[in-house]
Amino acid sequence: MNILLRGGTVVSSVNAKKLDVLISGSKIVKVARFIKDNDAQVVDVSGKLIFPGFIDAHTHFDLEVSDTVTADGFESGTKAAVCGGTTTVIDFATQNKGESLSTALNNWHIKAFSKSSCDYAFHMAISDWNDHIKEELKAMFEQGVTSFKAYMTYDTMKLSDEELFDMLSTLKELCGIVGVHCENDGIIKALTKKRLEDNTLTVSAHPKVRPSACEAEAITRLLSIAQVVDVPVVVVHLSSKDGLEAVRNARQKGAKVYVETCPQYLLLDDSRYEQNTLQGARFVCSPPLRKKEDSKALWGALKNGEIQTVATDHCSFTLQQKSVGLSDFTKMPNGLPSVESRVVLMYTYGVQKKRITLENMCRLLAENPAKLYGMYPRKGVIKAGSDADIVVFSPKADGFITKNTHHSKADYTPFEGVRTKGKVEKVYLRGKLVVDNGEVVNENKGKYIKRSKPNFI
């Protein structure tokens, strides 16, 4: 039976209009002012905002890091995602040193298959660059992996400048795109070594060994390399005003760069680290939280289009897992759980605070990631022929964020007690109702999405 969503306001990157949406099977078949279908199941969505299913292009589920594994695998992680209005995640299939890319991709398929409650795709995170890996890249594209990840820090993952240059050159020929974690590894090591010598390795030291200058320098270096190659790149999880200025300077010189930021860098600041306890440990992530002035600069960049996407970098751990680094932050697993909070936070503190418009929110959280990562117009938009991934959002609901109602296996949320406006009321995944009133009503319906080459925005 067809489903007819009647009376809602459909949001796109261009406008927000009162339109009906007709779903047949897994697809949207019609979007119009008034649709008549006597055989359809009519769902009254009057007074609601109708968004395309949101895309989180930066999650880490079932990831081994710091001698532990993230609290959320694909089962709990995707339940949290879809309850928060995210219908597609792009996780990182991570290649261990010495592994082939096909082995890494297969490992992640095993982790996700039959366990996901939203659709999923993979970036390939490359830690080992050599001629054999270069030869494997075409096979990745054939399997729907068209975006890749590189790190400029972390001993087990980082690539040298020479390797980055070669990687970008190779992917330019294949029309792929690379997202890069930008921090200066040498500065981090030098500052950490000094802390070790002074025996000052408590939580409050974490942001001090990863200053914003580390991010800015690495961004400048990356974009210089990319400009020589003449290829677009993505700076992931931008955290600082200094990093933003580095992007601006490179763009003025002709660099082609897309930027992602995350809710934690928009809404939290480094005062959270002042408590050298588990209260402070829960906020340890890399790059670290910055100053309030950094958050203000990032909001401005979102409003004027300098930042293209907002993802979460969801990387969840329990407080027990975090506690191993209380006296030595270098042993603490880095990351925050936020995949369920992103949409309502961006509506509350973006749209409601008039920092961004509804259209900007749709563009940042749905349309742009769909385009940039080769899923548009199948995903990221409400139009005839697109997947019926739809979020029914109640804009007037009052609430607050708490771990007690969240679906992540992390036993805390960094946004505990934060007041919110609006609520994800229903979520349709390829035409099937999967979330109703905040709870998953159809589990494990997610499918792997093979992606095409980027549609550069």
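Structure first, text after, so check above.
Residues numbered from 1 in each chain as written. Predicted model: local features only at pLDDT ≥ 70, side-chain atom pairs only at ≥ 80, totals over all residues. Heavy atoms only, no water.

Enquirer: Kindly report on the packing of aromatic side chains, identifying the contributing residues and their values.
Expert: In this structure the tally under the stated criterion is twelve aromatic pairs. For the ring pair Y258 and F456, a centre distance of 6.1 Å and an interplane angle of 10° mean the geometry is stacked. One end of the pair, Y258, is in strand β16 (residues 257–261); the other, F456, is in the segment after β21 (439–440), with 198 residues separating them in the sequence. Residue F456 is classed as partly exposed on the basis of its relative accessible area of 36%. Of the aromatic side chains, those joined through ring pairs into one cluster are F61, F74, Y120, F122 and Y448. Over the aromatic face of F92 sits the side chain of K149, whose NZ or CZ is 4.3 Å from the ring centroid. Above the ring of Y376, the side-chain terminus of K371 is found at 4.9 Å from the ring centroid. (Phe/Tyr/Trp six-rings, centres within 6.5 Å; stacked < 30°, edge-to-face > 60°. Helix = DSSP H or I, 4+ residues; strand = E, 2+ residues; numbered from the N terminus. Buried < 20%, exposed > 50% of the residue type's maximum accessible area, 1.4 Å probe, protein only. Lys NZ or Arg CZ within 6 Å of the ring centre and 35° of its normal.)

Enquirer: Requested: an account of the nonpolar core, with residues and values cited.
Expert: Among the nonpolar cores identified, the biggest contains 107 residues, and F51, M124, I126, F148, M167 and L302 are the most heavily contacted of them. Per element, the largest residue contribution to this core is eight residues, and it comes from helix α6 (residues 212–229). Residues contacting L302, with those up to four places away along its chain left out, are T261, L266, I307, V310, M346, I356 and L364. Ranked by size, the runner-up nonpolar core spans 15 residues in total, among them L19, I28, I382 and A388. (Core = buried A, V, L, I, M, F, W, Y, C linked by side-chain atoms within 4.5 Å. Contact = heavy atoms within 4.5 Å.)

Enquirer: Before we move on, can you summarise the sheet that holds strand β18 (residues 390–400) with the specific residues and values?
Expert: Each strand in a sheet pairs with another by means of backbone hydrogen bonds, the pair being arranged parallel or else antiparallel. Pairing in this open sheet of seven strands is mixed, and the strands run β3-β2-β7-β18-β19-β20-β21 from one edge to the other. Whereas interior strands pair on both sides, the edge strands pair on one side only; in this sheet they are β3 (16–18) and β21. Bridge count for strand β19 (residues 419–429) against strand β20 (residues 432–436) is four bridges, and the pairing is antiparallel. Bridging from a neighbouring strand, V427 pairs with V435 of β20. Packing of helix α12 (residues 342–351) onto the sheet brings it into contact with β7 (49–52), β18 and β19, and relative to β19 it is tilted by some 135°. Against the sheet, helix α13 (residues 358–372) makes contact with β2 (9–11), β3 and β7, and its axis sits at roughly 30° relative to β7, the strand it touches most. (Pairing = 2+ DSSP bridges. Axes fitted to C-alpha atoms, helices over the stretch in contact; angles between N-to-C directions.)

Enquirer: Residues and numbers for the layout of surface pockets, please.
Expert: Of the pockets and cavities examined, the largest pocket occupies roughly 1100 Å³. Forming the boundary of the largest pocket are 40 residues, of which V65, S66, Y154, T156 and M157 lie nearest the centre. Listing elements by their share of the lining of the largest pocket, those giving two or more residues are β9 (64–65), α2 (101–112), β13 (147–151) and α5 (185–198). With four residues, the single largest contributor to the lining of the largest pocket is α5. Considering only residue class, the lining of the largest pocket consists of twelve nonpolar, 17 polar and eleven charged. Of the volumes computed, that of the second largest pocket is approximately 490 Å³. Along the walls of the second largest pocket sit 21 residues, with E340, F400, T405, H406 and K423 positioned nearest its centre. Residue assignment for the lining of the second largest pocket shows that the elements contributing at least two residues are β18 and β19. Taken together, the residues of the lining of the second largest pocket sort by class into six nonpolar, eleven polar and four charged. (1 Å grid on protein atoms, 1.4 Å probe; cavity = no way out; pocket = protein on both sides within 12 Å on 5 of 7 lines; lining within 4 Å. Points joined across faces, edges and corners; volume = space filled by probe spheres on them. Nonpolar A, V, L, I, M, F, W, Y, C, P; charged D, E, K, R; others polar.)

Enquirer: Give me the pairing of strand β12 (residues 119–125): which residues, what numbers.
Expert: Among the seven residues in β12, seven count as buried, and that is most of the element. A two-sided burial pattern is seen for β12, the buried positions comprising D119, A121, H123 and A125 on one face and Y120, F122 and M124 on the other. Across seven bridges, the pairing between strand β11 (residues 86–94) and β12 is parallel. Residue pairing across strands places I90 opposite A121, the latter belonging to β12. For the segment spanning β11, α2 and β12, crossover handedness is right-handed. As paired elements, β12 and β13 share two bridges and run parallel to each other. Pairing of M124 across the sheet is with F148, part of β13. Handedness of the β12-helix α3 (residues 131–142)-β13 crossover: right-handed. (Right-handed = clockwise from strand over helix to strand, strands pointing away.)

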